[in-house]
Amino acid sequence: MYQDETLQCEDCGKEFVFTAGEQEFYAQKGLVNKPKRCPECRRLRRQKNRKKLYEAVCSQCGAQTKVPFKPIEGKEIYCKDCFQKRQQA
């Protein structure tokens, strides 16, 4: 049913193969658009969009955690579990 298809990357212009297996995966996930970027450009784009994480110590339980903002001395910081508990209270 699916056949390998050669596409051109929107970012770098190189040709890449959109395999039959990838097409089947896209269909199973309900994705209707073909990829616009080659695997390398997709990987680079994902890395670029990742937020920088900073090491911190949870103010409530003392666990080491990572947060997507630069910790400010004197401000409380919570790990994911403690943050969720505080939200529920």
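Quick notes on the rules
- Residues numbered from 1 in each chain as written.
- Predicted model: local features only at pLDDT ≥ 70, side-chain atom pairs only at ≥ 80, totals over all residues.
- Heavy atoms only, no water.
- Helix = DSSP H or I, 4+ residues; strand = E, 2+ residues; numbered from the N terminus.
- Rg over C-alpha atoms; globule rule 2.2 N^0.38 Å.
- Buried < 20%, exposed > 50% of the residue type's maximum accessible area, 1.4 Å probe, protein only.
- Contact = heavy atoms within 4.5 Å.
- Core = buried A, V, L, I, M, F, W, Y, C linked by side-chain atoms within 4.5 Å.
- Pairing = 2+ DSSP bridges.
- Salt bridge = Lys/Arg side-chain N within 4 Å of Asp/Glu carboxyl O.

(A) Broad picture of the overall build of the chain. When you go through the chain residue by residue, the secondary structure sums to three helices and four strands. Computed over the C-alpha atoms, the radius of gyration of the chain is 21 Å, more than 25% above the 12 Å expected from 2.2 N^0.38 for a compact globule of 89 residues. Its C-alpha atoms put the chain at 55 × 30 × 15 Å along the principal axes. The buried share of the chain, reckoned over its 89 residues, is 20%. Sequence separation of 24 or more characterises 18% of the internal contacts of the chain that already satisfy a separation of 6 or more.

(B) View of the nonpolar core. Residues Leu7, Cys9, Phe16, Phe18, Tyr26, Cys38 and Cys41 constitute the largest nonpolar core, which totals seven residues. Beyond its immediate chain neighbours, meaning those up to four positions away, Phe16 contacts Glu5, Thr6, Leu7, Gln8, Cys9, Pro35, Lys36, Arg37, Cys38, Pro39 and Arg42.

(C) Highlighting the environment of Phe69. Among the secondary structure elements, Phe69 is positioned in the loop between strand 4 (64-67) and helix 3 (80-88). Apart from the residues lying within four places of it in its own chain, the contact partners of Phe69 are Tyr54 and Ile77.

(D) Quick look at the pairing of strand 2 (residues 15-18). The alternating pattern of strand 2 places Phe16 and Phe18 on a buried face, while none of Glu15 and Val17, on the opposite face, is buried. Direction of pairing for strand 1 (residues 5-8) relative to strand 2: antiparallel, over a ladder of four bridges. In the strand pairing of strand 2, Thr6 is matched with Val17.

(E) Local environment of the pattern of salt bridges. Applying the stated criterion across every chain yields a total of five salt bridges. Measuring nitrogen to oxygen at the nearest pair gives 2.5 Å for the salt bridge that ties Lys34 to Glu5. Here Lys34 is found in the loop between helix 1 (20-28) and helix 2 (39-49), whereas its partner Glu5 is found in strand 1, with 29 residues between them in sequence. In this structure, the salt-bridge partner of Arg37 is Asp11, at a minimum N-O distance of 2.9 Å. Here Arg37 is found in the loop between helix 1 and helix 2, whereas its partner Asp11 is found in the loop between strand 1 and strand 2, with 26 residues between them in sequence. For Arg37, a relative accessible area of 16% gives the class buried. Several salt bridges share partner residues, and in doing so they unite Glu10, Asp11 and Arg37 into one network.

(F) The environment of Lys52, seen in detail. Mapped onto the fold, Lys52 is located in the loop between helix 2 and strand 3 (54-57). The exposure class assigned to Lys52 is exposed, which follows from its relative accessible area of 56%. Remark: the alpha-carbon pair of Lys52 and Val67, spanning 15 residues in sequence, is separated by 8.4 Å. Excluding residues that lie within four positions of it along the chain, Lys52 makes contacts with Val67 and Pro68.

Everything listed here is a matter of geometry and, on its own, says nothing about what the molecule does.
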